[in-house]
Amino acid sequence: MADPTRPLPNLVPQPDGSWTGRTVLTPTSFTTRGLFTLPPSKVIPVIVVPGIMGSNLRAATSPAMRANAVLDPGEPAWRAPNGTFEGLKTARKWKEFDPKKRQKILNARTLEVDNRGDIHLPLEARNYGTTEAEVRQRWWGEVHWDSYGRLLYGLQVGLNHTFEMDPLDNVRVICSHWKNVMACDPARWGVRGIARVTEAELDKHAAYYYPVYACGYNWLESCDASAKWLRQRIERIISFWTERKRECRQVILVTHSMGGLVARACAKQIPEQILGVIHGAMPAFGAPACYRRIACGTEKWSPSNGQVDNIKAEHVAEILGELPKDTMPVMAAAPGALQLLPNHLYPQPWLHICLVNKVNHKDVPREVVHLPAGDPYDMYRDTQSWYRLIDPVLADPAKLYNDTEVVDVLRRAVDEAERFHRKVLDTYYHPNTYAFYGADPEHMSFGAVRWVARDPAAGAVFTESNIKAAARTGYGPGGGRRVRVEGRTDLYFVPARQDVAGDGTVPHQSGAGPRGKVSQLFDVRGIDHQGAYNNDATLMLTQHLIVKLVQKLQ
């Protein structure tokens, strides 16, 4: 039987090609041997690219950047909460912020990525030589731990521990987590059958070292700017390993939500430096939920939620903004947020204006207006119609722009969203791309947004023309809008609830957008949007796909 060993912290690569490790002296009575694990010399870094609001932001520390009007340099501006207690505390804090303060804090031009976020490694991490100091150097602190910690840690351990020695028979065996991947029912990944990972494929996989990195970004800025930031991170990581005499030519990107748009734009610039991309819960065509949250505030309820989840949704709305006066100042001039709107490829129409009549004691809806009728960006640039996405009066409570400039600023932000959608992305995907999405009726999403009002049945005739031309007379609770039709009939429109299967945020028709353009697309049931990677099935699928990508190497 082999002597007992204890794992020591992972070795550190040196410029001369060697590895160094650190340990401490122990008493002679302590006979357990310390064990360093020597990684392979060929390296494939894996980089996790988070979704919107998944990156920690702080007030800029560079003198070259504009100072934040509320925060001191380096002070945290945005950190999504980890855990229930922190969530309640964060909700109370943000609920007290008025629209003016929200706009000043989350001013994209005054913020930078913050690497000081929480990292909560499990106790077992020491058994694999993984330390917080090591992973913080790989920028894990840039991203929201509750959303991505399990993915980061699972990949770091899983990818780099493929085989082990059976302590009784002293023969090589496949690690248990890889046995689980190999045995996973393909139905959990939304497919009937799949080419399972083989031991021969694991042999090839095990010839490489997979250091796992995160890449946070300023999600308020254009995804094009974030793609350039990601490119710099990729080039820096590859240089780090090659300068230490390791063979490192390509990386693998694992993305979530908006991070998929960022990664696609980056991959288009440097496809040869990327071995492959795995997209999770990406709004390939955008999401009507984005219109709903800018125009109406954040929804506080879903028909898919139980009582506890709806209580959580109320607290999320308090953080993100319950009313348009809260959300519009942050999102209306932020190109990154606007790039999540339904783009020119999203199935139209998806914005409907409905009237409800009482017929035989039952409410019967009648859709009167269907939008957009053509170019969606023209609708986003419209600041006059009552159903407009952006109200210039609500968009700039802090008066960061003068009265004549604000409309131009808002329209330029929409212009940037259109340029990114049409010119940068369009239908591009890296040649080696896999994607999974949710199309679950248990996680309802906005496939469309409907403004609904009750027909007063007072003799007025409502048509597409006079409804579209109605004048807005005010806002109501819950994001509703009061309008007057032909100067005499008042209606009160409220946003309807979620209407299609999805993941709670991205509807199935957008999640399935990569169909026919990627190597394989997976419809994974049972995932919610924010926690898409906090799921055994998606983590195993990601590991499975990474092994398949490695097989493409010559």
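I will try to describe carefully the structure that is included in this document.

Cut-off values and rules
Residues numbered from 1 in each chain as written. Predicted model: local features only at pLDDT ≥ 70, side-chain atom pairs only at ≥ 80, totals over all residues. Heavy atoms only, no water. Core = buried A, V, L, I, M, F, W, Y, C linked by side-chain atoms within 4.5 Å. Buried < 20%, exposed > 50% of the residue type's maximum accessible area, 1.4 Å probe, protein only. Contact = heavy atoms within 4.5 Å. Helix = DSSP H or I, 4+ residues; strand = E, 2+ residues; numbered from the N terminus. Pairing = 2+ DSSP bridges. Right-handed = clockwise from strand over helix to strand, strands pointing away. 1 Å grid on protein atoms, 1.4 Å probe; cavity = no way out; pocket = protein on both sides within 12 Å on 5 of 7 lines; lining within 4 Å. Points joined across faces, edges and corners; volume = space filled by probe spheres on them. Nonpolar A, V, L, I, M, F, W, Y, C, P; charged D, E, K, R; others polar. Phe/Tyr/Trp six-rings, centres within 6.5 Å; stacked < 30°, edge-to-face > 60°. Lys NZ or Arg CZ within 6 Å of the ring centre and 35° of its normal. Axes fitted to C-alpha atoms, helices over the stretch in contact; angles between N-to-C directions. Patch = residues over 30% accessible without salt bridge, like charges linked within 9 Å, V, L, I, M, F, W, Y side chains within 5 Å. Areas by Shrake-Rupley, 256 points an atom, 1.4 Å probe, with all protein chains shown as cover. Salt bridge = Lys/Arg side-chain N within 4 Å of Asp/Glu carboxyl O. Lys, Arg positive; Asp, Glu negative; His and termini not counted. Charge placed at Lys NZ, Arg CZ, Asp CG, Glu CD. Disulfide = S-S within 2.5 Å.

1. Looking at the nonpolar core
Generally speaking, nonpolar side chains in soluble globular proteins are found buried as a group.
So, step 1. Core analysis: the biggest nonpolar cluster contains 110 residues, and Ile-47, Leu-230, Ile-234, Tyr-291, Ile-467 and Phe-493 have the highest contact counts within it.
So, step 2. In this view, Tyr-291 contacts Cys-296, Leu-341, Trp-350, Leu-351, Tyr-387, Arg-388, Leu-389, Val-449 and Trp-451; residues no more than four positions away in its chain are not counted.
So, step 3. Grouped together as the second largest cluster of nonpolar side chains are 54 residues, Phe-163, Trp-178, Ala-214 and Tyr-533 included.

2. Some remarks on the pairing of strand β15 (residues 274-280)
So, step 1. In terms of burial, β15 is a largely internal element, 7 of the 7 residues being buried.
So, step 2. Two elements, strand β14 (residues 251-256) and β15, share 6 bridges in a ladder whose sense is parallel. Among the inter-strand pairings, Val-251 is bridged to a residue of β15, identified as Ile-274.
So, step 3. Of the crossover connections in this fold, the one passing from β14 over helix α8 (residues 258-269) to the parallel β15 is right-handed.

3. Some points on empty space enclosed by the protein
So, step 1. All chains considered together, the criterion is met by 1 cavity of 30 Å³ or more.
So, step 2. Considering only enclosed or pocket space, the largest cavity measures out at about 40 Å³ in volume.
So, step 3. What lines the largest cavity is simply Arg-264, Ala-284, Phe-285, Leu-345, Asp-426, Thr-427, Tyr-429, Gly-513 and Lys-517.
So, step 4. Here the lining of the largest cavity is composed, by residue class, of 4 nonpolar, 2 polar and 3 charged.

4. Some remarks on the packing of aromatic side chains
So, step 1. Tallied over the entire structure, the rule returns 14 aromatic pairs.
So, step 2. Centre to centre, the rings of Trp-140 and Trp-145 are 6.3 Å apart; their planes meet at 35 degrees, and the pair counts as tilted.
So, step 3. Trp-140 sits in the buried class, given a relative accessible area of 0%.
So, step 4. Note on Trp-145: relative accessible area 9%, which makes it buried.
So, step 5. Measuring from ring centre to ring centre gives 6.0 Å for Tyr-377 and Tyr-380, while their planes differ by 80 degrees; the resulting arrangement is edge-to-face. Of this pair, Tyr-377 and Tyr-380 are both found in helix α13 (residues 376-381), 3 residues apart, which corresponds to roughly one turn of the helix. For the pair shown, Tyr-377 and Tyr-380 are each scored as buried.
So, step 6. Three or more aromatic residues joined by ring pairs form one cluster here, namely Trp-78, Trp-94, Phe-97 and Trp-219.
So, step 7. Its guanidinium or amino end placed over the ring of Tyr-213, Arg-138 lies 5.6 Å from that ring's centre, counting from NZ or CZ.

5. Examining the sheet that holds strand β16 (residues 351-359)
So, step 1. Spatially, β17-β16-β20-β23-β22-β21 is the arrangement adopted by the 6 strands of the open sheet, whose pairing is mixed. Edge positions in the open sheet fall to β17 (362-371) and β21 (471-475), since each of these has one partner strand only. Across the sheet, the mean angle separating the axes of adjacent strands is 30 degrees when strand polarity is ignored.
So, step 2. Sheet topology note: the β21/strand β22 (residues 481-485) ladder contains 4 bridges and is antiparallel. Among the inter-strand pairings, Gly-474 is bridged to a residue of β22, identified as Arg-482.
So, step 3. Its contacts with the sheet put helix α9 (residues 288-296) on β16, β20 (449-454), β22 and β23 (489-495), and the angle it makes with β20 is roughly 50 degrees.

6. Concerning the pairing of β20
So, step 1. Side chains of β20 alternate between two faces, with Val-449, Trp-451 and Ala-453 buried and Arg-450, Val-452 and Arg-454 left unburied.
So, step 2. Pairing between β16 and β20: 6 bridges, direction parallel. Bridge pairing in β20 links Ile-353 to Trp-451.
So, step 3. Sheet topology note: the β20/β23 ladder contains 2 bridges and is antiparallel. Bridging across to β23, Trp-451 finds its partner in Pro-495.

7. Some points on a positive patch on the surface
So, step 1. The grouping of Lys-89, Arg-92, Lys-93 and Lys-101 at the surface amounts to a positive patch.
So, step 2. Here the element with the most residues in the positive patch is helix α1 (residues 83-95); it accounts for 3 residues.
So, step 3. Checked against the element boundaries, Lys-93 lands in helix α1.
So, step 4. On the basis of relative accessible area, Lys-93 is assigned to the partly exposed category, the value being 45%.

8. Overview of the state of the cysteines
So, step 1. Overall, the coordinates contain 0 disulfides when judged by the stated rule.
So, step 2. Cys-215 forms no disulfide, and the closest cysteine sulfur to it belongs to Cys-266, at a distance of 8.3 Å.
So, step 3. A relative accessible area of 1% means that Cys-215 is categorised as buried.
So, step 4. Just so you know, Cys-296 is unpaired, no disulfide at all, and the nearest cysteine sulfur is the one on Cys-290, 11 Å from it.
So, step 5. For Cys-296, a relative accessible area of 0% puts it in the buried group.

9. Remarks on unusual backbone geometry
Peptide bonds are trans in most cases, and residues, glycine excluded, mostly fall at negative phi.
So, step 1. In this model, Gln-348 is joined to Pro-349 through a cis peptide bond whose omega is -5 degrees.
So, step 2. Within the fold, Pro-349 resides in the loop between α12 (335-338) and β16.
So, step 3. A cis amide bond links Leu-371 with the next residue in sequence, Pro-372, at an omega value of -10 degrees.
So, step 4. In this structure, Pro-372 sits in the loop between β17 and α13.

10. Remarks on the sheet that holds strand β7 (residues 57-59)
So, step 1. Read across the sheet, 3 strands follow the order β8-β7-β9 without closing on themselves; strand pairing throughout is antiparallel. Each end of this open sheet is capped by a strand with a single partner; those strands are β8 (76-78) and β9 (111-113). Ignoring which end each strand starts from, the neighbouring axes of this sheet average 45 degrees apart.
So, step 2. Looking at chain direction, β7 and β8 are connected through 2 bridges and run antiparallel.

11. Considerations on the pattern of salt bridges
So, step 1. Throughout the structure, instances matching the rule amount to 35 salt bridges.
So, step 2. A salt bridge links Arg-79 to Asp-114, with the nearest nitrogen and oxygen atoms 3.0 Å apart. Of this pair, Arg-79 sits in the loop between β8 and α1 while Asp-114 sits in the loop between β9 and α3 (132-137); the two residues are 35 residues apart in sequence, bridging distant segments of the chain.
So, step 3. Residue classification places Arg-79 among the partly exposed positions, given a relative accessible area of 28%.
So, step 4. A relative accessible area of 0% places Asp-114 in the buried class.
So, step 5. As a salt-bridge pair, Arg-454 and Asp-363 come within 3.0 Å of each other at their nearest N and O atoms. Here Asp-363 lies in strand β17 and Arg-454 lies in strand β20, a separation of 91 residues in the sequence.
So, step 6. Using a relative accessible area of 40% as the deciding quantity, one classes Asp-363 as partly exposed.

Treat this as a map of the structure, not an account of what it does.
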